[in-house]
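Structural features, examined
Here is what each chain is made of, one letter per residue.
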Amino acid sequence: MNLKDKRVVLTGAAGGMGKIIARELHKRGAVLALVDANADALGAMVAELDGAHAAPGDLSSAGECKVVAAQCQSLLGGVDLLINLAGINSFAAFEDEPVEKIELMMHVNLLAPMWLSRALLPAMQAQNSGQIVNIGSIFGSIGFAYFTTYSASKFGLRGFSEALRRELADTGIKVTYIAPRAVKTPMNNDAVMRMGEATKMNMDEPDAVVAKIIAAIETDKKDAYFGFPESLFVRINGLLPRLVDGSLAAQNRIARAFAKGEK
Ligand SMILES: NC(=O)c1ccc[n+]([C@@H]2O[C@H](COP(=O)([O-])OP(=O)(O)OC[C@H]3O[C@@H](n4cnc5c(N)ncnc54)[C@H](OP(=O)(O)O)[C@@H]3O)[C@@H](O)[C@H]2O)c1
């Protein structure tokens, strides 16, 4: 997609990657509706990016997603590109995860992209053009211990993206699923960072990841998996998951101590 003059809804726009994506889209001449729970941070973004609109909202409910989608449509006069970037993470042993956190994570990471797509799709169908970009994770293809709920939400997002892409294959609407590996943003708390160091987890700089996300959008990629060897492990896990069980066992034992707060 050539981003010039495209009407773009970006969720998670005030986050670590969101701010950088918003600036890159703006540089390319896109007209932006920026969505995030953090209204103050959105205000600062809109002040920085000439012509951008703020649409603050909590995406954890279907009702608010519908309101936010309608607000974005009216601010932009239509939508060409929806980027579902907002997300939350949790690093914990599953037995310690509060049920409310499980529900919230599924709402924000999986259902919000579905609710927003559902709300914006009819107008895209009427104009027979548009693109929906869902930001998943390598953990959406490799179930990762102590990120169990997060992995489940991103597996769901990958399935949603694949099915919707096939459903819309004969239309002018494209669906893209993008899976970064770990990125240095506020999403990863101190325990994740220390566990990442202890297990030698690869972590990318947000600017480099955003450059790849923008390139994937501009070249209409169906999906994109970032980082080597993680992108290879995605394929191996699909074919030989028992092999991956074994190769992650030592890492899981180290991660457990951090997830339980023992390190
Ligand atoms: N960082 C990584 O390691 C990594 C790796 C792979 C994939 N990803 C994916 O990349 C995306 C962006 O992550 P990031 O690293 O930029 O994270 P981030 O810095 O934490 O940004 C996420 C943004 O989403 C917003 N958000 C959270 N809950 C929301 C809600 N209920 N309603 C509206 N907005 C909400 C946050 O607002 P508040 O700050 O106000 O909560 C925040 O601005 C996520 O989907 C994530 O899963 C991240």
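Please refer to the structure higher up on the page.
The rules behind the values
Residues numbered from 1 in each chain as written. Predicted model: local features only at pLDDT ≥ 70, side-chain atom pairs only at ≥ 80, totals over all residues. Heavy atoms only, no water. Helix = DSSP H or I, 4+ residues; strand = E, 2+ residues; numbered from the N terminus. Rg over C-alpha atoms; globule rule 2.2 N^0.38 Å. Buried < 20%, exposed > 50% of the residue type's maximum accessible area, 1.4 Å probe, protein only. Areas by Shrake-Rupley, 256 points an atom, 1.4 Å probe, with all protein chains shown as cover. Lys, Arg positive; Asp, Glu negative; His and termini not counted. Charge placed at Lys NZ, Arg CZ, Asp CG, Glu CD. Near = heavy atom within 4 Å. Polar contact = N/O pair within 3.5 Å; in protein donor to acceptor, adjacent residues only side chain to side chain. 1 Å grid on protein atoms, 1.4 Å probe; cavity = no way out; pocket = protein on both sides within 12 Å on 5 of 7 lines; lining within 4 Å. Sits in = over half its atoms within 2 Å of the grid points. Nonpolar A, V, L, I, M, F, W, Y, C, P; charged D, E, K, R; others polar. Expected span 1.5 Å × (residues − 1). Contact = heavy atoms within 4.5 Å. Points joined across faces, edges and corners; volume = space filled by probe spheres on them. Pairing = 2+ DSSP bridges. Axes fitted to C-alpha atoms, helices over the stretch in contact; angles between N-to-C directions.

Considerations on the overall build of the protein
Broken down by element type, the protein carries nine helices and seven strands. Radius of gyration (C-alpha) of the protein: 18 Å, near the 18 Å computed for a compact globule of 263 residues. C-alpha extents for the protein along the principal axes are approximately 50 × 40 × 30 Å. Burial status across the protein gives 49% buried among its 263 residues. Put simply, the protein shows about 12,100 Å² of open surface, and 55% of that area lies on carbon and sulfur atoms. Looking at the protein, you have 28 positive and 28 negative side-chain charges, and the mean spots of the two groups are 5 Å apart.

Describing the site of the ligand
Around the ligand, 30 residues are found, and the nearest of them are G16, D36, L85, Y150 and T185. A distance of 2.7 Å separates an oxygen atom of the ligand from a polar atom in the side chain of D36. Measuring from an oxygen atom of the ligand, one finds a side-chain N or O atom of N188 at 2.9 Å. Out of a free accessible area of 890 Å², the ligand has 86% covered by protein chains. One can see that the ligand is located within the largest pocket. Counting residues per element, the ones that place at least two in the shell around the ligand are α1 (16–27) and α5 (148–167). A class-by-class count of the residues in the shell around the ligand yields 15 nonpolar, eleven polar and four charged.

Digging into α5
When the terminal C-alpha atoms of α5 are compared, their 28 Å separation across 20 residues agrees well with the 28 Å that a helix rising 1.5 Å per residue should span. Of the positions making up α5, those classed as buried are T149, Y150, S151, S153, K154, L157, F160, S161, L164 and R165. Packed against the buried residues of α5 are α4 (99–127), β5 (130–135), β6 (173–179) and β7 (223–225).

Some remarks on the layout of surface pockets
Considering only enclosed or pocket space, the largest pocket measures out at about 1,200 Å³ in volume. If you trace the largest pocket, you find 50 residues lining it, with N89, Y150, T185, M187 and N188 closest to the centre. Top contributing element to the lining of the largest pocket by residue count: helix α9 (residues 241–259), with four residues. Counted as a void, the second largest pocket has a volume near 290 Å³. Lining of the second largest pocket is provided by 13 residues; of these, S141, D223, Y225, V234 and R235 occupy positions nearest its centre.

Description of the sheet that holds β6
Reading across the sheet, the seven strands line up as β3-β2-β1-β4-β5-β6-β7 and stay open at both edges, with parallel pairing between neighbours. Edge positions in the open sheet fall to β3 (53–56) and β7, since each of these has one partner strand only. If you compare each strand with its neighbour and ignore which way they point, the axes differ by 15 degrees on average. Here strand β4 (residues 81–84) pairs with β5 via four bridges, running parallel. In the sheet register, I83 faces β5, and the bridge partner there is V133. Seen against the sheet, helix α3 (residues 62–76) touches β1 (7–11), β2 (31–36) and β3 and runs at an angle of roughly 170 degrees to β3. Sheet strands in contact with α5 are β5, β6 and β7, and its direction is about 155 degrees off that of β6.

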